[in-house]
Amino acid sequence: MTSTRLSRAEKVDAATPASRNRVVDFLRAAAITVVVLGHWTIIGVDADGGIQPHGVLDGAVWIHPLTWVFQVMPIFFLVGGYSNALSWRSARRKDVGYAQWLRTRLRRLGIPLIPLLLAWLVIGVVAVAAGAPHATVQLASQMALIPTWFLAAYLMVILVAPPCLLLWERYGWWSIIGALALAGIVDAVSLVTDQPLLGYPNYLLVWAAFHQFGYAWLDGRLAGAGRRLLLAGIGLVGLMLLVSVGPYPVSMITSAADDISNSSPTRITMAFLGMMQAGLVLSLEKPLTALLMRPRLWFVTVLVNQRIMTWFLWHLTVMVGLAHLLLALDARALLPEPLTGVWWATRPLWALVLPALTGAVVLVLGRFEDPRADDRPAPAMWKPILAAVTIVAGLAVMASVGVVGESGVTWWWVILPVVGVVGFGVVRVPTSR
């Protein structure tokens with residue numbers, strides 16, 4: 001068996017073009033894996049308190065500085081910028097237009113999303129019909145659909161990636177500085193007026209600006225240890241000033257212990273966190289490249305990336321399902337109060353069970369990440385744009401309110417992304433002749 005796996009690893013290694021930056025793939029896989037493990041850790045579940053969205057962070061302020069390490073969404077936007085710039089430039093060389101390029105990106109992200117949304121629509125309808133309290137089903141769906149807020153933000157960035165690349169190619173670093181200055185103004189207005197809703201434009205401004213560091217990486221504008229450590233230093237100093245002198249909390253993940261959140265809505269702090277993280281991980285690019293020349297490690301990286309959307313989208317549904325099963329069975333021995341000695345002692349068990357269960361889901365549903373080749377002509381410009389807008393709108397609302405409200409199942413928010421994917425031509429709909 002070992003020789004067979006090694007043989008497959010060697011074949012994958014040999015088939016990888018020498019021009020491919022393996023570190024991009026590794027950082028994408030590593031970032032999503034850290035997010036998954038982080039979610040499984042910070043969400044508290046105990047027999048008396050039920051599911052607590054940020055239970056561990058709420059009860060242990062001393063671990064908040066660790067979120068500077070484990071909040072790794074900026075790394076995903078960094079590699080996204082690198083990949084999207086590479087992809088759009090390739091499309092330009094081949095005379096592939098924006099509409100066709102955008103539809104291709106939406107297929108990669110949107111098709112694996114449909115089974116998750118339909119599953120939660122069914123769960124919501126069945127649970128409410130069976131008499132489950134609306135608040136319980138709402139919280140469960142909110143927890144399970146947390147990954148959709150990131151997907152909504154990333155889709156918004158993809159929408160503007162080509163024009164942002166033009167700005168980068170023309171204005172360089174000033175395109176990033178200008179966007180971050182606007183983000184700072186948005187933050188100031190939101191905080192002074194105490195209106196978080198006014199901070200929502202920063203989901204686009206902050207992440208689109210930071211996404212451009214991926215352009216800089218691709219273009220060699222961050223080459224050399226000096227520049228990368230300087231970037232990390234700017235991020236660290238900026239972050240320290242914002243949390244010590246400014247109004248921002250230390251935790252980069254939402255916690256009930258804080259008056260405001262750095263991530264909901266996205267704040268300017270996330271850009272400086274990203275600079276610090278990007279500078280540090282890019283400083284390790286050379287040794288990481290050498291490590292990834294080992295066939296086995298590269299094979300694992302490729303495997304994770306092949307099913308990365310399914311792994312990411314379903315990991316909290318698995319956790320929520322297991323938690324409710326244990327709560328229904330009153331399995332108190334497996335649901336200790338978070339942060340107690342027993343809780344720490346049972347973490348290895350969760351670290352074994354949750355990946356195994358999620359792996360089973362990935363085996364069944366991972367096929368949606370391998371859609372058939374799309375040889376259709378380029379669509380009208382408005383179709384993929386409207387598809388992206390409807391997907392983002394539905395996901396953004398569900399990430400905040402789940403699939404059930406006081407009056408019952410809010411099915412229209414679940415259907416909206418499905419309409420975006422199916423109704424506006426992201427997927428080919430079979431037609432009868």
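Everything here concerns the structure above.
Residues numbered from 1 in each chain as written. Predicted model: local features only at pLDDT ≥ 70, side-chain atom pairs only at ≥ 80, totals over all residues. Heavy atoms only, no water.

1. Regarding the packing of helix α5 (residues 73–93) against helix α6 (residues 98–110)
Running from N to C, α5 and α6 cross one another at 140°; their axes reach a closest spacing of 10 Å. It follows from the interaxial angle that α5 and α6 lie oblique. The interaxial crossing formed by α5 with α6 has right-handed handedness. Contacts between α5 and α6 pair S83, N84, S87, W88 and A91 from the former with Y98, W101 and R105 from the latter. Looking at the contact of α5 with α6 residue by residue, the classes come out as four nonpolar, three polar and one charged. (Axes fitted to C-alpha atoms, helices over the stretch in contact; angles between N-to-C directions. Helix = DSSP H or I, 4+ residues; strand = E, 2+ residues; numbered from the N terminus. Parallel < 35°, antiparallel > 145°, perpendicular 65-115°, else oblique. Left-handed = near helix turned anticlockwise from the far one by under 90°. Contact = heavy atoms within 4.5 Å. Nonpolar A, V, L, I, M, F, W, Y, C, P; charged D, E, K, R; others polar.)

2. So, the packing of aromatic side chains
Here the distance between the centres and the angle between the planes together describe a pair of aromatic rings. The tally for this structure, following the rule as stated, stands at 20 aromatic pairs. An angle of 50° between the planes, with centres 6.0 Å apart, marks the rings of W173 and F213 as tilted. Separated by 40 residues along the polypeptide, W173 in helix α10 (residues 173–192) and F213 in helix α11 (residues 202–218) bring together distant segments of the chain. With a centroid separation of 4.8 Å and 80° between ring planes, the pair formed by W343 and W344 is classed as edge-to-face. Among the residues examined, W343 registers a relative accessible area of 1% and is labelled buried. (Phe/Tyr/Trp six-rings, centres within 6.5 Å; stacked < 30°, edge-to-face > 60°. Buried < 20%, exposed > 50% of the residue type's maximum accessible area, 1.4 Å probe, protein only.)

3. A few points about the environment of R93
Positionally, R93 belongs in helix α5. Sequence separation between R93 and H324 is 231 residues; the distance between their C-alpha atoms is 52 Å.

4. Some remarks on the packing of helix α7 (residues 113–129) against helix α16 (residues 308–328)
Look at α7 against α16: their axes get within 10 Å of each other, and the N-to-C directions meet at 25°. In terms of axis orientation, α7 runs roughly parallel to α16. Considering how the two elements wind past one another, α7 and α16 form a crossing that is left-handed. The residues of α16 that touch α7, namely those facing L113, P115, L116, A119 and W120, are L313, W314, T317 and V320. Of the residues contributing to the contact of α7 with α16, the split by class is eight nonpolar, one polar and no charged.

5. Some thoughts on the side chain of S251
Position of S251 relative to the elements: it lies in the loop between α12 (225–244) and α13 (269–283). Polar side-chain contacts of S251 include one of 2.6 Å to the backbone oxygen of I253. Among all residues touching S251, those that are not within four sequence positions of it are L57, H64, T67, D258 and N262. (Polar contact = N/O pair within 3.5 Å; in protein donor to acceptor, adjacent residues only side chain to side chain.)

6. With respect to the side chain of R228
Among the structural elements, R228 can be located in helix α12. When neighbours within four sequence positions are excluded, R228 is seen to be in contact with W217, L222, A223, G279, L282, S283 and E285.

7. Concerning α6
Its 13 residues give α6 an end-to-end C-alpha distance of 17 Å, which sits within 8% of 18 Å, the value for a rise of 1.5 Å per residue. Those residues of α6 hidden inside the fold are in contact with α5, α7, α9 (147–171), α16, α18 (382–401) and α19 (411–423). (Expected span 1.5 Å × (residues − 1).)

8. Remarks on the nonpolar core
Counting residues in each nonpolar core, the largest one holds 128 residues, and the members touching the most others are L78 and W217. Sequence-distant contacts of W217, that is, excluding residues within four places in its chain, are made with N21, V23, V24, L27, L78, V79, Y82, L222, R228, L282 and E285. (Core = buried A, V, L, I, M, F, W, Y, C linked by side-chain atoms within 4.5 Å.)

9. Focus: the environment of A271
Examined against the element boundaries, A271 turns out to sit in helix α13. Since its relative accessible area comes to 1%, A271 is described here as buried. For A271 and P74, which are 197 residues apart along the polypeptide, the C-alpha to C-alpha distance reads 7.5 Å. Here A271 is in contact with L180, V206 and F210, once residues within four sequence places are set aside.

10. Topic: a nonpolar patch on the surface
Where nonpolar side chains cluster on the molecular surface, the patch consists of L334, L349, L352, V353 and L357 and spans about 400 Å² of accessible area. Among the secondary structure elements, V353 is positioned in helix α17 (residues 341–365). (Patch = residues over 30% accessible without salt bridge, like charges linked within 9 Å, V, L, I, M, F, W, Y side chains within 5 Å. Areas by Shrake-Rupley, 256 points an atom, 1.4 Å probe, with all protein chains shown as cover. Salt bridge = Lys/Arg side-chain N within 4 Å of Asp/Glu carboxyl O.)

11. What to know about the pattern of salt bridges
On inspection of all chains with the given rule, the structure shows 13 salt bridges. With a shortest N-O distance of 3.3 Å, R28 and D25 are connected by a salt bridge. Remark: D25 and R28 occur in helix α2 (residues 22–42); sequence separation between them is three residues, near one turn of the helix. Residue classification places R28 among the buried positions, given a relative accessible area of 17%. Judged by its relative accessible area of 8%, D25 falls in the buried class.

12. With respect to the environment of R221
Of note, R221 is situated in the loop between α11 and α12. Expressed as a C-alpha distance, the spacing of R221 and A99, which sit 122 residues apart in the sequence, is 29 Å. In this structure, R221 is in contact with W168, G172, W173, A216 and R227, ignoring residues within four places of it in sequence.

13. Remarks on unusual backbone geometry
Each neighbour pair has its own omega, and for S264 with P265 the value is 0°, a cis peptide bond. Within the secondary structure, P265 sits in the loop between α12 and α13. The phi dihedral of D95 is positive, around 60°, even though this residue is not glycine. Here D95 is to be found in the loop between α5 and α6. Judged by relative accessible area, which is 72%, D95 ranks as exposed. One non-glycine residue, D330, adopts positive backbone phi at about 55°.

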